[in-house]
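Structural features, examined
Here are the chains, one letter per residue:
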Number of protein chains: 2
Amino acid sequence: MKRWLPVLLSLLSLGTILCLAQTDQVTIKEDFQPSSLNQPGQDYPQVNSQGYARFRIVAPQAQSVTVNLGGPGGTPLKKSGDGVWIGTTAVPLDEGFHYYHLSVDGGTFNDPGALNFYGSIRWESGIEIPAHDREFYALKDVPHGRVQQILFPSKSTGICRRAFVYTPPDYEKNLTRRYPVLYLQHGWGEDETAWSNQGHANLIMDNLIAEGKISPFLIVMTYGMTNEVKFGTIGTYDVTPFETVLVNELIPYIDANFRTLADQPHRAMAGLSMGGVQTKAITLKHLDKFSHIGLFSGGTISPEDVSKTLDFAKKVKLVFVSYGSRELGGKMAGAFGGDPKANAEALRRAGINSAFYVSPNTAHEFLSWRRSLREMALLLFKE
Amino acid sequence: MKRWLPVLLSLLSLGTILCLAQTDQVTIKEDFQPSSLNQPGQDYPQVNSQGYARFRIVAPQAQSVTVNLGGPGGTPLKKSGDGVWIGTTAVPLDEGFHYYHLSVDGGTFNDPGALNFYGSIRWESGIEIPAHDREFYALKDVPHGRVQQILFPSKSTGICRRAFVYTPPDYEKNLTRRYPVLYLQHGWGEDETAWSNQGHANLIMDNLIAEGKISPFLIVMTYGMTNEVKFGTIGTYDVTPFETVLVNELIPYIDANFRTLADQPHRAMAGLSMGGVQTKAITLKHLDKFSHIGLFSGGTISPEDVSKTLDFAKKVKLVFVSYGSRELGGKMAGAFGGDPKANAEALRRAGINSAFYVSPNTAHEFLSWRRSLREMALLLFKE
């Protein structure tokens, strides 16, 4: 695993949300609208049809206000006469969700206009650039499942822990039906709220089910940073405490308290970024428990991994690996135990049901993972 | 209703979270600990055993940083040599939960150390002063119910709306049992997250059920500001749009999708502050739907109200009215259609099951309402 660690770390720290630098002068269209993730009644931040974001912060006596979207330098705002700071990103942002925060006179604060989302081990501001394919995670007039907050006992950590469980619309209608389960993990610095809040996992499922494209299953989302994971140690940290919570405590609790199909063929695990690293580590050790494996921007499974894992081909019904297109190439070549696309093809040639998906024009960010969840959901529990 | 409106408004705008001014010099004990509502890993804000709060904000180039806890003036922080602003409240805070925000160089921001809670129509910072009776809403090693996010269709508003439903621990164990329902509303500027996040309604219920003190029931919490309610118009605004959502849309949805006892004797409504005003307005119009009524810091029900409402004594099984002790007296005398304690006694003399509760040493704030929920739960659905 150490082989691709430096690559993973550089990948995670790229701050890759800005598009490639544009050399030509572009006319910024003045069709800005409030971001869909603004707090109620807030006009700013705004987004235009080209993907530029405009910020407006009231701080009359401040000396400097900068918006930090993860890229280098940030977007400095300029003070107008009335003490209001305004500025527009130098380049368009990728479609989808982006974390950001403000630097006000050297302090780190959130934008009072935006909703907050947990990432980077803090509640950050969020902004949404409307994606051309946003319909698949839109709130529509279809039957909706629930997102159920549960508190489950964890002897290994000595506390009650929280998880969220997506149950599909018909879960409450058909009280004898049992369902497969996907355990779905967030990335480094995020928590169990991420897949619902940033990821719209419930809406993705509601829409796929309403369209008749998938058979319903449950999704379980819990906190994966059971022990401290310092940024930069994801590839080498001890996953055992989280593995214990997930395998020994959460899975039995879910199977005892929800109407699950409580066997290996009907249990999947997937995760984004650090959650993908955890998924690989845990599923390969517990192929008696998991049959479907998904890694979203979080590594790959190579023929070498398969050969080192007893009964892999017999037990694993799906290997799903995905990335954002902006993450691939360059440093990614040869990373994560080889080219993920080539790995997927090699696994398929070896008779393993293996899929590789690339999210167009996105980086290490949530639109890649919303799309990855949708694509994986279409393939889950088909056997 | 207009008669007590000025009183309600002055009550709401008192900013009554600070204790009475102290004239003697008090020694502040240096036993500060991080607030239980801090973001993960954050050391500040802190609280000491006397109820003083200490704040620490990094903003090296700022000109001024003030903490606004709702009282006049706020707590100005002082900059130390390293660009860190520190300050302690001039007086202890009441036990329980308090909203606050920062003023940094004239701009309004949240404390990056604290979790956020929706109040005053924005996500505010929150701080918790440990209450002497905090055990009743503590997270304990008992069976836990769930908080289920639902999205329900609302023709009258043209969108899917969100609600949270507390289901007790045995709801999933006994699939034939049906339960009474309490519809529980937040205050002005809050939303459907308030009763779980700030109020710990689910933990209050889990603990009461584990102690065998109540029979389990469901709690439904949704957003009450369906139409715009300007601060200062709570007593006169048009409650009809919310009444339509609640009575015509949400209640039928809950009864169709949860195992409720779907009749008047097993349906209650309560609310805090504006939610109490709404509760009174809606229940008195729909006594065919509600049998138990709770107003927390949000008015009272007088003998005059009873006499104006057809079949009140026959249909209403409980009138529960509560306040924080710091809200009573002074301007409150004669407010809300008379003294609420005298009203409760008059109703009892008239044969109506009426309870009046005063939360000790709290004001118009969430500890008053956590306690009110507990006290009312003990009395609900007894007949």
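Going by the structure above, here's the rest.
Summarised in this report is the structure supplied together with it. For every chain, the first residue of the written sequence is number 1, and numbering continues from 1 along that sequence. Each chain is given a letter, starting from A, and each ligand a number, starting from 1, according to the order in which they appear as written. Whole-chain, interface and lining totals are the exception, using all residues; otherwise, since this is a predicted model, local features are given only for residues with pLDDT of at least 70 and side-chain atom pairs are given and counted only at 80 or more. Based on all heavy atoms of the structure, the side-chain values leave hydrogens and waters out of the count.

1. Focus on the interface of chain B and chain A
Taken together, the contacts link 43 residues of chain B with 43 residues of chain A. Each of two parts loses accessible area, computed with a 1.4 Å probe, when they are put together; buried area is these two losses added. Taking both partners together, chain B and chain A bury about 3500 Å²; carbon and sulfur atoms supply 52% of that area. Throughout this description, the term salt bridge denotes a Lys or Arg side-chain nitrogen within 4 Å of a carboxyl oxygen of Asp or Glu. In this structure, the connection of chain B to chain A is made through zero salt bridges. Counting of polar contacts relies on pairs of N or O atoms within 3.5 Å, with two restrictions inside protein: one atom must be capable of donating a hydrogen and the other of accepting it, and residues adjacent in sequence are counted only when both atoms are side-chain atoms. Counting every contact that joins chain B to chain A gives 13 residue pairs in polar contact (both at pLDDT 80 or more). Where the side of chain B that touches chain A is concerned, the elements lending two or more residues are β3 (53-58), β8 (96-104), β9 (107-109), β10 (116-119), β11 (122-129), β12 (146-154), α3 (201-210) and α4 (240-257) of chain B. Under this grouping Gly is polar, as are all residues other than the nonpolar Ala, Val, Leu, Ile, Met, Phe, Trp, Tyr, Cys and Pro and the charged Asp, Glu, Lys and Arg. Looking at the side of chain B that touches chain A, its residues break down into 23 nonpolar, 14 polar and six charged. Whether two residues touch is decided by their heavy atoms; if any such pair falls within 4.5 Å, the residues are in contact. The secondary structure listing takes helices from DSSP runs of H or I that are at least 4 residues long and strands from runs of E that are at least 2 residues long, numbered from the N terminus.

2. Re the relation of the copies chain B and chain A
All copies are superposed by least squares; the fitting set is the C-alpha atoms of residues with a pLDDT of at least 70 in both. With an axial shift of 0.0 Å and an RMSD of 0.0 Å, the rotation relating chain B to chain A amounts to 180°. Taken together, the rotation and translation describe the operation of a two-fold axis. Looking at the rotation axis and the C-alpha trace of chain B, the residue lying nearest is Q148 of chain B, at 2.1 Å. When you check the interface residues of chain B against chain A, 100% turn up at the interface there too, and the contact is symmetric in its surfaces.

3. Description of the packing of aromatic side chains
Aromatic rings considered in pairs are described by the distance between their centres and by the relative angle of their planes. Centres within 6.5 Å make a pair out of two Phe, Tyr or Trp rings, where for Trp the six-membered ring is used; the pair is then stacked when the planes are under 30 degrees apart, edge-to-face when over 60, and tilted otherwise. One pass over the full model with this rule turns up 29 aromatic pairs over all chains. Seen in terms of ring centroids, W195 of chain A and F366 of chain A are 5.5 Å apart; in terms of plane orientation they differ by 85°. Their pairing is edge-to-face. Highlighted residues: W195 of chain A in helix α2 (residues 194-197) and F366 of chain A in helix α9 (residues 366-377), separated in sequence by 171 residues. Given a relative accessible area of 1%, W195 of chain A falls into the buried group. Plain terms: the ring middles of F97 of chain B and Y99 of chain B are 4.9 Å apart, the flat faces sit at 85° to each other, and that makes the pair edge-to-face. In this scheme, a residue with accessible area under 20% of its type's maximum is buried, one over 50% is exposed, and one in between is partly exposed, where area comes from a 1.4 Å probe on protein chains only. F97 of chain B gets classed as buried once you look at its relative accessible area, which sits at 2%. Three or more aromatic residues joined by ring pairs make a cluster, and in this case those are F97, Y99, F117, W195, F296, F320, F366 and W369 of chain A. Two conditions define a charge located above a ring, namely a distance within 6 Å from the ring centre to NZ of Lys or CZ of Arg, and an angle within 35 degrees of the ring normal. Positioned above the aromatic ring of F32 of chain A, the side-chain terminus of R54 of chain A is 4.0 Å from the ring centre.

4. Some thoughts on helix α3 (residues 201-210) of chain A
The α-helix winds at 3.6 residues per turn, so residues separated by three or four positions along the chain end up facing the same way. In terms of residue burial, α3 of chain A counts as a mostly covered element, since nine of its ten residues are buried. Of the positions making up α3 of chain A, those classed as buried are A201, N202, L203, I204, M205, D206, N207, L208 and I209 of chain A. Buried residues in α3 of chain A make contact with β12 (146-154), β13 (159-167), α2, β15 (218-222) and α9 of chain A together with β12 of chain B. Where α3 of chain A ends, the next residue or the one after it, G212 of chain A, has phi of about 70°, a positive value.

5. Points about the pattern of salt bridges
One pass over the full model with this rule turns up 34 salt bridges over all chains. For D305 of chain A, the salt bridge identified is with K280 of chain A, shortest N-O distance 2.8 Å. Of this pair, D305 of chain A sits in helix α6 (residues 303-308) while K280 of chain A sits in helix α5 (residues 274-285), placing them 25 residues apart in sequence. Taken individually, D305 of chain A and K280 of chain A each receive the classification buried, so the pair is uniform in this respect. The partner of E128 of chain B in a salt bridge is R370 of chain B, with the nearest N and O atoms 2.7 Å apart. Taken together, the residues E128 of chain B in strand β11 and R370 of chain B in helix α9 (residues 366-377) connect sequence positions 242 residues apart. Residue classification places E128 of chain B among the buried residues on the basis of a relative accessible area of 6%. R370 of chain B gets classed as buried once you look at its relative accessible area, which sits at 0%. Beyond isolated ion pairs, a larger network of salt bridges with shared partners links E95, D133 and R371 of chain A.

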